[in-house]
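Breakdown of the fold
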Amino acid sequence: MIGTIPLSEVLIVSGALFCIGLCGALLRRNAIQIFLSIELMMNSANLAILGYGASLGTREGQIVVFFVIAIAAAEAAVGLAIFVALFRHTETIDVNRINLLKW
Amino acid sequence: MFEVFAAVAIVFAALMVLSRNPVRSVLSLVVAFFALAGCYVLLFSPFIAVIQVIVYAGAILVLFLFVLMLLNVGPERPEKTGRPIQTLLSGIAIVLFAGFLLSTLRHSGSAAPRALAGEPNVLGRPEALARELFSGYLLHFEAVSILLLSALVGAFVLARRDREPRG
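The numbers attached to residues start from 1 for each chain and follow its sequence in the written order. To read the labels, note that chains go from A and ligands from 1, taken in the order they are written. Restriction of local features to residues with pLDDT of at least 70 applies here, the model being predicted, together with a cutoff of 80 or more for giving and counting side-chain atom pairs; totals for whole chains, interfaces and linings are based on all residues.

**Focus on the overall build of chain A**
Let me state the cut-off plainly: Only DSSP runs of H or I with at least four residues qualify as helices, and only runs of E with at least two residues qualify as strands; both kinds are numbered from the N terminus onward. Radius of gyration here uses only the C-alpha atoms, and the compact-globule reference equals 2.2 Å multiplied by the residue count raised to the power 0.38. Burial is judged by counting the other C-beta atoms within 10 Å of a residue's own C-beta: 20 or more makes it buried, 12 or fewer makes it exposed, and any count in between marks it as partly exposed, with every C-beta position built from the backbone. Residues are treated as contacting if the C-beta atoms built from their backbones sit within 7 Å of each other.
Tallying secondary structure elements over chain A gives 3 helices and 0 strands in all. The linear arrangement of helices and strands in chain A, starting from the amino end, is α-α-α. A compact globule built from 103 residues should have a C-alpha radius of gyration of about 13 Å, whereas chain A, at 17 Å, is more than 25% larger. Residues classed as buried in chain A amount to 50% of the 103 residues present. Expressed as a percentage of contacts within chain A between residues at least 6 apart in sequence, the contacts between residues at least 24 apart total 46%.

Written as structure tokens, this is what we have:
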């Protein structure tokens, strides 16, 4: 079973997950749910990178994904801190109500 | 096997997007990330799969849950946006984008239809990965450690409560 996964299948799963994440980022109004959708899109990119790496038979894909996960951890920490600070100021994280910088 | 993991990941990702309750959506994303870790194992990357479970599902999503509980955000209420044309256009844009992306990926895959090659226990062995990481990518590794440190300080500064209100 292992070793018979076609690359196109991996890429299609990755593209489908990316589109689902994009829908979520546009559909939801809760800032944390938008952030979760962005994490999902990043993971779909990771899946495509690992698929290409395994298909080329190199370890570079795994190394790139390792760095992506480390940077995603930093990004999540800073982003959630921004949301906490924002909630202190505006008492909401609904992105329709946060329009301080809009005009 | 890959199809099963991929289907679970896609279903729970869709549940994550569709649920209005943020806690429920975090929990479905945890399940989706576990299924993605299974996909990674089948793509000869067991080390990345373990990192996915420990760092993503274990640490990052728990951080999300902490913040959700801290802020006590309720479920999103359905709300008329008052902009029906924009909603329709964004729906059409998403469908077009998904169609283009998936058809492009399908063609790019079928242009080079090859099964994933490589021997699993050579490609995914953590010690070989570590040797490559700490020889060719040592500078990147150190840069990431500095990035994590600065993110730690930045998160602390951002989330700190101001003692004396300014202005």
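**Brief notes about the overall build of chain B**
Across its full length, chain B holds 7 helices and 0 strands. Here chain B, with 167 residues, has 26% of them falling under the buried criterion. The long-range fraction of contacts in chain B, counting pairs at least 24 apart against all pairs at least 6 apart in sequence, stands at 57%.

**What to know about the interface of chain A and chain B**
Filter applied, for reference: Gly counts as polar in this scheme, as do all residues outside two lists: the nonpolar Ala, Val, Leu, Ile, Met, Phe, Trp, Tyr, Cys and Pro, and the charged Asp, Glu, Lys and Arg.
Across the boundary between the two partners, chain A contributes 62 residues, which contact 70 residues of chain B. When residues of the side of chain A that touches chain B are traced back to their parent elements, those giving at least two are α1 (7–27), α2 (31–56) and α3 (60–90) of chain A. Considering every element that reaches the side of chain A that touches chain B, the biggest residue donor is α3 of chain A, with 21 residues. Partitioning the side of chain A that touches chain B into residue classes produces 45 nonpolar, 13 polar and 4 charged.

**Considerations on the nonpolar core**
The following threshold applies: Note on terminology: a nonpolar core is any set of buried Ala, Val, Leu, Ile, Met, Phe, Trp, Tyr and Cys residues joined through C-beta atoms within 7 Å.
Of all hydrophobic cores here, the largest spans 66 residues; its most connected members are Ile32 of chain A together with Cys39 of chain B. Going through the elements one at a time, α1, α2 and α3 of chain A together with α1 (2–18), α2 (22–42), α3 (46–71) and α7 (138–159) of chain B are the ones with two or more residues in this core. Excluding its chain neighbours within four sequence positions, the residues that come into contact with Ile32 of chain A are Phe83 and Ile93 of chain A together with Pro22, Phe64, Val67, Leu68 and Val73 of chain B.

**Comments concerning the domain arrangement of chain B**
Filter applied, for reference: Marked domain ranges trace back to an automatic or database domain assignment.
Along its sequence, chain B is carved into domain 1 (1–74) and domain 2 (125–167). Here the C-alpha centroids of domain 1 of chain B and domain 2 of chain B sit 22 Å apart.

**Let's talk about the packing of α2 of chain A against α3 of chain A**
Residues and elements named next belong to chain A. Applicable threshold: Between N-to-C directions, angles cover 0 to 180 degrees, with each direction set by a line fitted to C-alpha atoms, over the stretch in contact for helices. Our angle categories are set so that under 35 degrees counts as roughly parallel, over 145 as roughly antiparallel, 65 to 115 as roughly perpendicular, and the remainder as oblique.
Axis separation between α2 and α3 bottoms out at 9 Å; the angle between their running directions is 175°. Taken together, the axes of α2 and α3 are roughly antiparallel relative to one another. Together, Ala31, Ile32, Phe35, Glu39, Met42, Asn46, Ile49, Leu50, Tyr52, Gly53 and Ala54 of α2 and Glu60, Gly61, Gln62, Val64, Val65, Val68, Ala72, Gly79 and Phe83 of α3 make up the contact between the two elements. Class assignment of the residues belonging to the contact of α2 with α3 gives a composition of 13 nonpolar, 5 polar and 2 charged.

**Some thoughts on α1 of chain B**
Residues and elements named next belong to chain B. The criterion, for reference: The span expected for a helix works out to 1.5 Å for each residue beyond the first. What the arc measures is the spread of directions leading from the helix axis to the C-beta atoms.
With 17 residues, α1 should cover 24 Å at 1.5 Å per step; its first-to-last C-alpha distance of 24 Å lies within 8% of that length. Among the residues of α1, those classed as buried are Phe2, Ala6, Ala9, Phe12, Ala13, Met16 and Val17. Mapping the buried residues of α1 onto a view down its axis gives an arc of 145°, with all of them on the same face. With respect to the buried face of α1, the exposed residues turned more than 90 degrees away are Glu3, Val4 and Ala7.

**Observations concerning the environment of Glu60 of chain A**
For Glu60 of chain A, the position within the fold is in helix α3. As for Glu60 of chain A and Ile49 of chain A, which are separated by 11 residues in sequence, their C-alpha atoms are 9.1 Å apart.

**Digging into the environment of Leu65 of chain B**
Take Leu65 of chain B: it is sitting in helix α3. The sequence separation of Leu65 of chain B and Val26 of chain B amounts to 39 residues, and the corresponding C-alpha distance is 7.0 Å.

**Topic: the confidence of the model for chain B**
As a reminder of what qualifies: Confidence of the prediction at every residue is given by pLDDT, a number between 0 and 100.
Per-residue pLDDT for chain B averages 83, and the proportion of residues at 70 or more is 86%. Reported confidence for the predicted complex is 0.89 by ipTM and 0.86 by pTM.

**A short note on the environment of Ile85 of chain B**
Residues and elements named next belong to chain B. By the secondary structure assignment, Ile85 is in helix α4 (residues 84–111). Accessibility expressed as a C-beta count within 10 Å gives 7 for Ile85, which makes it exposed. It is 41 Å that separates the C-alpha atoms of Ile85 and Gly38, two residues lying 47 residues apart in sequence.

**So, unusual backbone geometry**
All names here are of chain B. Despite not being glycine, Phe44 has its phi angle at roughly 65°, a positive value. Along the polypeptide, Phe44 turns up in the loop between α2 and α3. Judged by local crowding, Phe44 falls into the buried class, with 29 C-beta atoms found within 10 Å.

**Describing the packing of α2 of chain A against α2 of chain B**
The relative placement of two packed helices is expressed as an angle between their axes plus a distance between the axes. α2 of chain B packs onto α2 of chain A with a crossing angle of 5° between their chain directions and a minimal axis gap of 11 Å. With respect to each other, α2 of chain A and α2 of chain B are oriented roughly parallel. Of the residues in α2 of chain B, those in contact with Ile32, Gln33, Leu36, Leu40, Asn43, Leu47 and Leu50 of chain A of α2 of chain A are Pro22, Ser25, Val26, Leu29, Phe33, Leu36, Cys39 and Tyr40 of chain B. Residue composition of the contact of α2 of chain A with α2 of chain B, grouped by class: 12 nonpolar, 3 polar and no charged.

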